[in-house]
Amino acid sequence: MTPPDVKMYTLSTCSHCKSTKKLLNDCNVAYDFVDVDLLDSDERKRILEEVKELNPKCSFPTIRIGEQVIVGYKENEIKEALGIP
Amino acid sequence: MNADKLYEQLKSVQEPKGYYFNKDKDFVMDLLESLLANKERYGYMACPCRLASGDREKDKDIICPCAYREADVREYGSCYCGLYVSEAWNAERIAHEYVPERRPPEKFE
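Model, not experiment: these values are computed from the prediction.

Caption draft 1: Representation of the layout of surface pockets in the model. If you add up the space inside the largest pocket, you get close to 390 Å³. Around the largest pocket, the lining comprises 18 residues; the ones closest to its centre are A:His16, A:Tyr73, B:Phe27, B:Trp89 and B:Tyr98. Residue classes in the lining of the largest pocket are distributed as eight nonpolar, six polar and four charged. Of the volumes computed, that of the second largest pocket is approximately 180 Å³. Lining the second largest pocket are eleven residues, and of these A:Pro3, A:Pro4, A:Val29, A:Ala30 and A:Leu82 sit closest to its centre. Of the residues contributing to the lining of the second largest pocket, the split by class is nine nonpolar, two polar and no charged.

Pasting the structure below:
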């Protein structure tokens, strides 16, 4: 089975974002991420539109795993979506 | 100001009010470093777990300690970031739930 595509919207300073990155690293899961606070203003606007579509509250981390969206460092939900026991 | 000084300073002010640092000291120090990074780039200690606008007036509700800390610590025993917690949370007398974002979305951007 192909692993689901994982994309994360994060902040460079956020504790929950760091915990989520660590979880994925520890589980050897490949993912794309963007630290939204480090973007320049045009790029930030564009990326925030993407975040809002997934999570109207625009809170971080916003994680898309395949078709599923998880908001926050919810370890069990993330693992379940990734099929990690 | 470094994170160690900030730790001592905030602890002496916040603990008497019933707000304790998370017992995970590494986690706390990392957040304090982030607060100092935000102070450096925005001029104020914006919440590290929220996207700041860079406009102090717009961000005044998320300057640490944020306007939502009281309600979050009352309801969940922890602030949104997990920096400040109650004594009961640290002692694990209450469940460690994930604190949802309380800030109204219209405040954002």
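Caption draft 2: Helix α1 (residues 3-14) of chain B, seen in detail. Residues and elements named next belong to chain B. Helix length check: α1 (twelve residues) gives 16 Å between terminal C-alpha atoms against 16 Å at 1.5 Å per residue, within 8%. Considering only its buried residues, α1 is in contact with β1 (20-21), α2 (25-42), α3 (69-76) and β2 (84-85). Looking at where α1 begins, the residue whose side-chain oxygen comes 3.2 Å from the main-chain nitrogen of Asp4 is Asn2.

Caption draft 3: Seen up close, the packing of α1(B) against α2(B). Residue and element names in this part refer to chain B. Direction vectors running N to C along α1 and α2 enclose 105 degrees, while the axes themselves pass 9 Å from each other. As the angle between them shows, α1 and α2 are arranged roughly perpendicular. Across the interface between the two elements, Ala3, Asp4, Leu6, Tyr7 and Leu10 from α1 touch Lys25, Val28, Met29, Leu32, Glu33 and Leu36 from α2. When its residues are assigned to classes, the contact of α1 with α2 shows eight nonpolar, no polar and three charged.

Caption draft 4: The interface of chain B and chain A, seen in detail. Contacts between the two partners involve 21 residues from chain B and, on the opposite side, 22 residues from chain A. Surface buried jointly by chain B and chain A totals about 1,700 Å² across both partners, of which 55% is contributed by carbon and sulfur atoms. On the surface where chain B and chain A come into contact, there are two salt bridges. The shortest N-O distance in the salt bridge between B:Asp30 and A:Lys18 comes to 2.7 Å.

Caption draft 5: Focus on the sheet that holds strand β3 (residues 62-65) of chain A. Residue and element names in this part refer to chain A. The sheet built from four strands is open, its strands ordered β2-β1-β3-β4 with mixed pairing. Unpaired on one side and paired on the other, β2 (32-35) and β4 (68-71) mark the two borders of the sheet. Taking each pair of neighbouring strands and ignoring which way they run, the sheet shows an average axis angle of 15 degrees. The pairing of strand β1 (residues 6-10) with β3 spans four bridges and is antiparallel. For Val6, the partnering residue across the bridge sits in β3 and is Ile65. With respect to the sheet, helix α1 (residues 15-26) is in contact with β1, β2 and β3, its orientation differing from that of β1 by roughly 155 degrees.

Rules behind the numbers
- Residues numbered from 1 in each chain as written.
- Chains lettered and ligands numbered in written order.
- Predicted model: local features only at pLDDT ≥ 70, side-chain atom pairs only at ≥ 80, totals over all residues.
- Heavy atoms only, no water.
- 1 Å grid on protein atoms, 1.4 Å probe; cavity = no way out; pocket = protein on both sides within 12 Å on 5 of 7 lines; lining within 4 Å.
- Points joined across faces, edges and corners; volume = space filled by probe spheres on them.
- Nonpolar A, V, L, I, M, F, W, Y, C, P; charged D, E, K, R; others polar.
- Helix = DSSP H or I, 4+ residues; strand = E, 2+ residues; numbered from the N terminus.
- Expected span 1.5 Å × (residues − 1).
- Contact = heavy atoms within 4.5 Å.
- Polar contact = N/O pair within 3.5 Å; in protein donor to acceptor, adjacent residues only side chain to side chain.
- Axes fitted to C-alpha atoms, helices over the stretch in contact; angles between N-to-C directions.
- Parallel < 35°, antiparallel > 145°, perpendicular 65-115°, else oblique.
- Buried area = accessible area lost by both parts, 1.4 Å probe.
- Salt bridge = Lys/Arg side-chain N within 4 Å of Asp/Glu carboxyl O.
- Pairing = 2+ DSSP bridges.

From the geometry alone we can't say anything about function, so treat these as descriptive.
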